[in-house]
Amino acid sequence: MDCVLKEDQELCMSYNPRIFQLLTRKYTFSVLVLLDKYGALRFNEILKKIDGMTQRALSIRLKEMEEANLISRNVKNERPVTVYYNITTQGKAVKNAMLMILQLTTLI
């Protein structure tokens, strides 16, 4: 899609529908909020904190969010191997923007 701004082309951003779809999918916001509040969490810790979420749904969502750079996956080479998920700086910015939008919709 081309930028519609005539004189301020530098303000235009490329639109990625995949990111928008990810942000509006079920559980994305919940995962971001949890990781922001608690810091590094393991898969099962996240799963236990979200009511109704299945392992498959969480696995898919975490992969999508990692690809979008909203979260990071850190593997600790211990015995047993442990994997932790963290929110990234971009993830925090997205979570905060989503929170503001949700708060605005309660005022309307």
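The following paragraphs examine the structure supplied in this document.

## Brief notes about unusual backbone geometry
Here is step 1 of the chain: Omega for the bond connecting arginine 79 with proline 80 falls within 30 degrees of zero, at -5°, which places this linkage in the cis form.
Here is step 2 of the chain: Even without being a glycine, tyrosine 27 presents a positive backbone phi close to 80°.
Here is step 3 of the chain: Positionally, tyrosine 27 belongs in the loop between helix H1 (17–24) and helix H2 (28–38).
Here is step 4 of the chain: Even without being a glycine, asparagine 69 presents a positive backbone phi close to 65°.
Here is step 5 of the chain: Position of asparagine 69 among the secondary structure elements: in the loop between helix H4 (55–67) and strand E1 (71–76).
Here is step 6 of the chain: A residue is classified by how much of its surface remains accessible, and asparagine 69, at 37% relative accessible area, is partly exposed.

## Notes on the packing of aromatic side chains
A ring pair, where both rings are aromatic, is described by two values, the distance of the centres and the angle of the planes.
Here is step 1 of the chain: Tallied over the entire structure, the rule returns zero aromatic pairs.
Here is step 2 of the chain: Between the NZ or CZ atom of lysine 49 and the centre of the ring of tyrosine 38, over which it lies, the distance is 4.2 Å.

## Topic: the layout of surface pockets
Here is step 1 of the chain: Roughly 160 Å³ of volume is contained in the largest pocket.
Here is step 2 of the chain: If you go around the largest pocket, the residues you meet are Asn16, Arg18, Ile19, Gln21, Leu22, Arg25, Glu64, Glu67 and Ala68.
Here is step 3 of the chain: Where the lining of the largest pocket is concerned, the elements lending two or more residues are H1 and H4.
Here is step 4 of the chain: Here the element with the most residues in the lining of the largest pocket is H1; it accounts for four residues.
Here is step 5 of the chain: Across the lining of the largest pocket, the residue classes tally to three nonpolar, two polar and four charged.

## Concerning the nonpolar core
Here is step 1 of the chain: Formed by 22 residues in total, the largest nonpolar core has its most connected members in Val31, Leu32, Leu35 and Ile46.
Here is step 2 of the chain: Ranked by residue count, the leading element in this core is H2, at four residues.
Here is step 3 of the chain: Those residues in contact with isoleucine 46 that lie beyond four places of it in its chain are Val31, Leu34, Leu35, Leu41, Leu58, Leu62 and Tyr85.

Parameters and conventions
Residues numbered from 1 in each chain as written. Predicted model: local features only at pLDDT ≥ 70, side-chain atom pairs only at ≥ 80, totals over all residues. Heavy atoms only, no water. Helix = DSSP H or I, 4+ residues; strand = E, 2+ residues; numbered from the N terminus. Buried < 20%, exposed > 50% of the residue type's maximum accessible area, 1.4 Å probe, protein only. Phe/Tyr/Trp six-rings, centres within 6.5 Å; stacked < 30°, edge-to-face > 60°. Lys NZ or Arg CZ within 6 Å of the ring centre and 35° of its normal. 1 Å grid on protein atoms, 1.4 Å probe; cavity = no way out; pocket = protein on both sides within 12 Å on 5 of 7 lines; lining within 4 Å. Points joined across faces, edges and corners; volume = space filled by probe spheres on them. Nonpolar A, V, L, I, M, F, W, Y, C, P; charged D, E, K, R; others polar. Core = buried A, V, L, I, M, F, W, Y, C linked by side-chain atoms within 4.5 Å. Contact = heavy atoms within 4.5 Å.

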